[in-house]
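Given next are the chains, with one letter for each unit.
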Amino acid sequence: MIRSYQAEHGGTVFYAAPTRRQKTARTRLMALMVIAMVAASTGVVQAFSARATPIEMLAPAN
């Protein structure tokens, strides 16, 4: 247990430090979130910078 700021200044509040498993899970989740956000931002940039499809390719061929 680690004494918190409130406990040092008159309170009786205690909290437990995260376990190694919790730290590992938190780190992995953060890494996955970063990967997902980088992929999403890359997709947005690609969507804005891609050339428009020529009208000849959009029209139905008869």
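Thresholds applied
Residues numbered from 1 in each chain as written. Predicted model: local features only at pLDDT ≥ 70, side-chain atom pairs only at ≥ 80, totals over all residues. Heavy atoms only, no water. Helix = DSSP H or I, 4+ residues; strand = E, 2+ residues; numbered from the N terminus. Buried < 20%, exposed > 50% of the residue type's maximum accessible area, 1.4 Å probe, protein only. Areas by Shrake-Rupley, 256 points an atom, 1.4 Å probe, with all protein chains shown as cover. pLDDT = per-residue confidence, 0-100.

Draft legend 1. Spatial organisation of the overall build of the protein chain. On a plain count of helices and strands, the protein chain comes out with three helices and two strands. Along the chain direction, N to C, the helices and strands of the protein chain fall in the order β-α-β-α-α. Taken across its 62 residues, the protein chain has 3% of its residues classed as buried. Surface exposure of the protein chain reaches about 6100 Å², of which carbon and sulfur atoms provide 65%.

Draft legend 2. Up close: the confidence of the model for the protein chain. On average, residues of the protein chain carry a pLDDT of 80, and 63% of them reach 70 or more. Looking over the protein chain, one finds the lowest element-wise mean pLDDT in strand β1 (residues 2-3), namely 54, and the highest in helix α2 (residues 20-49), namely 95.

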